[in-house]
Amino acid sequence: MINKRKLHTSLFVLSDAFVAALSWTLFFAYRKFIIEPDKFGYKIPLELDKNFYTALLVVPFYWFILYFLSGHYKDVWRKSRINEISKSFSITVVGVVLLFFILLIDDEVKSYQSYYKSTLTLFVLHFGFTTIIRLFQAYYVKILLRKKVIGFNTIVVGNNEKSLHLVKELIDPNLTQGFIVKGFVSYNGDADDHILKDLIPSLGTYADLPKRIAEYKIEEVIIGIESSKHAEINKVTNVLEDQPVTLKIIPDLFDLMSGQVRMNNVIGTALIEINHDVMPQWQIVAKRLMDLFVSLFVLIVFSPFFMVVAGLVAFSSKGPIFYKQIRLGLKGKPFHILKFRTMFVDAEHLGPQLSSYNDKRITPIGRILRKYRIDEIPQFFNVLIGEMSLVGPRPERKFFVDQIVKIAPHYRHLHRVKPGITSWGQVKYGYAENVEQMVERLKFDILYIENRSIAVDVRILIYTVLTILQGRGR
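All figures in this text were calculated on a predicted structure; none of them were measured in a lab.

1. What about the overall build of the protein chain?
Here's step 1: Summing up its helical and strand segments, the protein chain has 17 helices and ten strands in all.
Here's step 2: When the 474 residues of the protein chain are sorted by exposure, 47% land in the buried category.
Here's step 3: For the protein chain, contacts bridging at least 24 residues in sequence account for 72% of all contacts bridging at least 6.
Here's step 4: Within the structure as shown, the protein chain displays about 25200 Å² of accessible surface, and the carbon and sulfur contribution to it stands at 64%.

2. Considering the sheet that holds strand β1 (residues 152-157)
Pairing between sheet strands relies on hydrogen bonds along the backbone, with the strands arranged either parallel or antiparallel.
Here's step 1: The sheet built from six strands is open, its strands ordered β3-β2-β1-β4-β5-β6 with mixed pairing. Where the open sheet ends on each side, the last strands, each with one partner, are β3 (202-205) and β6 (272-274). Each adjacent strand pair in this sheet contributes to an overall mean axis angle of 30°, direction not counted.
Here's step 2: As paired strands, β1 and strand β2 (residues 179-186) are joined by six bridges and run parallel to one another. Across the sheet, F152 pairs through a bridge with F179, a residue of β2.

3. Observations concerning unusual backbone geometry
Here's step 1: Within the chain, K217 stands out as a residue other than glycine whose phi angle is a positive 55°.
Here's step 2: Looking at the element boundaries, K217 is found in the loop between α7 (209-216) and β4 (220-223).
Here's step 3: A positive phi angle is found at K331, which is not glycine, with a value near 60°.
Here's step 4: Note on placement: K331 falls in the loop between β7 (322-328) and β8 (334-340).
Here's step 5: With a relative accessible area of 55%, K331 lands in the exposed category.

4. Section: empty space enclosed by the protein
Here's step 1: Counted under the stated rule, the structure contains two cavities of 30 Å³ or more.
Here's step 2: There is about 60 Å³ of room inside the largest cavity.
Here's step 3: Lining the largest cavity, in full, are L328, G329, P393, R394, P395, Y411, L414, H415, V417, K418 and P419.
Here's step 4: Put simply, the second largest cavity is a space of about 50 Å³.
Here's step 5: The greatest single-element share of the lining of the second largest cavity, amounting to four residues, is contributed by helix α16 (residues 435-451).

5. Details of helix α2 (residues 50-69)
Here's step 1: Taking 1.5 Å as the rise per residue, α2 with 20 residues should run 28 Å; its terminal C-alpha atoms sit 29 Å apart, in good agreement.
Here's step 2: Residues F52, A55, V59, P60, Y62, W63, L66 and Y67 constitute the buried set of α2.

6. Concerning the packing of aromatic side chains
Here's step 1: Evaluation of the coordinates by the stated rule reveals 21 aromatic pairs.
Here's step 2: Pairing Y62 with W63 gives two aromatic rings, centres 5.5 Å apart and planes at 75°, and the pair type is edge-to-face. By the burial criterion, Y62 is buried, and W63 matches it.
Here's step 3: Members of the aromatic cluster, connected to one another through ring pairs, are F61, Y62, W63, F64, Y67, F68 and Y73.
Here's step 4: Here the guanidinium or amino end of R78 rests over the ring plane of F152, the centre of that ring lying 4.0 Å away.
Here's step 5: Positioned above the aromatic ring of Y67 is the side chain of R134, whose terminal nitrogen or guanidinium carbon lies 4.2 Å from the ring centre.

7. Brief notes about the nonpolar core
Here's step 1: Formed by 38 residues in total, the largest nonpolar core has its most connected members in F340, L369, L390, Y411 and Y448.
Here's step 2: It is α16 that provides the largest number of residues to this core, a total of six residues.
Here's step 3: If you look at the next biggest cluster of nonpolar residues, it comprises 31 residues, including F12, I35, L144 and L145.

8. So, the pairing of β4
Here's step 1: Residues E220 and I222 line one face of β4 and the alternating positions V221 and I223 line the opposite face, and both faces are buried.
Here's step 2: Here β1 runs beside β4; their pairing, made up of four bridges, is parallel. When the sheet's bridge partners are listed, I155 is paired in β4 with V221.
Here's step 3: Note: β4 against strand β5 (residues 246-249), four bridges, orientation parallel. Across the sheet, the residue bridging to I222 is K248, located in β5.

9. So, the environment of V58
Here's step 1: Relative to the assigned elements, V58 resides in helix α2.
Here's step 2: In this structure the C-alpha to C-alpha distance between V58 and A21, which are 37 residues apart in sequence, comes to 9.4 Å.

10. Observations regarding the pattern of salt bridges
Here's step 1: In total, this model carries 16 salt bridges according to the counting rule given.
Here's step 2: The shortest N-O distance in the salt bridge between R212 and E215 comes to 3.2 Å. In this pair, R212 and E215 both sit in helix α7, three residues apart, roughly one turn of the helix.
Here's step 3: A salt bridge links K398 to D402; its shortest N-O distance comes to 2.9 Å. With K398 and D402 both in helix α14 (residues 398-407), this residue pair falls four residues apart, about one helical turn.
Here's step 4: Classification of K398 as partly exposed rests on a relative accessible area of 49%.
Here's step 5: Shared partners join several salt bridges into a network, and the residues in it are R5, D75, R78, E219, E220 and K248.

Criteria and thresholds
- Residues numbered from 1 in each chain as written.
- Predicted model: local features only at pLDDT ≥ 70, side-chain atom pairs only at ≥ 80, totals over all residues.
- Heavy atoms only, no water.
- Helix = DSSP H or I, 4+ residues; strand = E, 2+ residues; numbered from the N terminus.
- Buried < 20%, exposed > 50% of the residue type's maximum accessible area, 1.4 Å probe, protein only.
- Contact = heavy atoms within 4.5 Å.
- Areas by Shrake-Rupley, 256 points an atom, 1.4 Å probe, with all protein chains shown as cover.
- Pairing = 2+ DSSP bridges.
- Axes fitted to C-alpha atoms, helices over the stretch in contact; angles between N-to-C directions.
- 1 Å grid on protein atoms, 1.4 Å probe; cavity = no way out; pocket = protein on both sides within 12 Å on 5 of 7 lines; lining within 4 Å.
- Points joined across faces, edges and corners; volume = space filled by probe spheres on them.
- Expected span 1.5 Å × (residues − 1).
- Phe/Tyr/Trp six-rings, centres within 6.5 Å; stacked < 30°, edge-to-face > 60°.
- Lys NZ or Arg CZ within 6 Å of the ring centre and 35° of its normal.
- Core = buried A, V, L, I, M, F, W, Y, C linked by side-chain atoms within 4.5 Å.
- Salt bridge = Lys/Arg side-chain N within 4 Å of Asp/Glu carboxyl O.

Written as structure tokens, this is what we have:
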């Protein structure tokens, strides 16, 4: 499945490159046959010069960047023909306007009206060919989905009458949307298993979802429980927090009337998709570029200062300069976080402990480093290699994560994003001295995840800098 998806994505990229090259070639001919003769008063020969071939390479790459930043290549199997037309229109408008200011504004023309004609012609050519190709691609993908040549391995949660109606729609060949139903897991044990057993296999209970997702390579989980039953749904979603699946819920009448359900298909099941990807693709790219730029800047420009700090740490007490500790990052994957050592050696000989305000394990120089958060500076290397981000929930050790999830199972939600050097929770609440304070800080980090954007990241970074300058760390 993964190889087929990559192949189709590559075909989408190649077709976009072909359309961009074809549109630009026809537009180049239009300028030679229409615009330039109108200016000079005589026919201009069509010569494919160096500038033409250079543009023929650069322009398709330019459109690829625009489509990539818009998220066009994110999942080519989930394309809606109506959405493709509207997105293509908006991106083409932006792309053509930018091309006008980059390449066309210096053209020699008879009057300003020639600019309008050129811009409109390029738009019609590019949008027209793009729409035709993408409608064909979307139609072709729909055929493959109906024939189950491709599709999304799916598990249904629930064993009630609503689930029964849902499953019948999902497996109906006339209503298929690409769901390949592998089975169902029950919420209340085996009480009502007989309802679905004749249609699809039973795969256990919702607690078994992580194992079944890995076993069957599941991409979609559909909860067949009424959306009004928040407690039951929360239990299921907590199990799925760090799982790489798309989560959907059957809506009730209130959901339909409140506008929470968006119709992407005329034929098929109406579902609410729980979408945590609130950042558009271009902001995701911008966030990573900001991480790289700031990390390189800090590590290079402030390297003399870091050498002084390293010397102070080395002379303040016996032990290594840097302290490495295993933390849980994106999707719960462990990694080594780096810090300047601020505690005496063997500070945790009695087991994992959180630091406190008057912690005697902290060295004199370590107390200063913590106050101004200088001990966190080596983590810019973690950011540079992609294990962390500048802004994101602070990573914790598995020892404490296991304790937190007993009190707040939704803590796993934090593993949906990369951990950060600083976070909204840390800015608003500060360092936690115990598990209860970690849980209290959790709400700020979840609030960040559900509202994250470049603007929010910049605000958090500004507050962090103010905290450092004021010495309000510890």
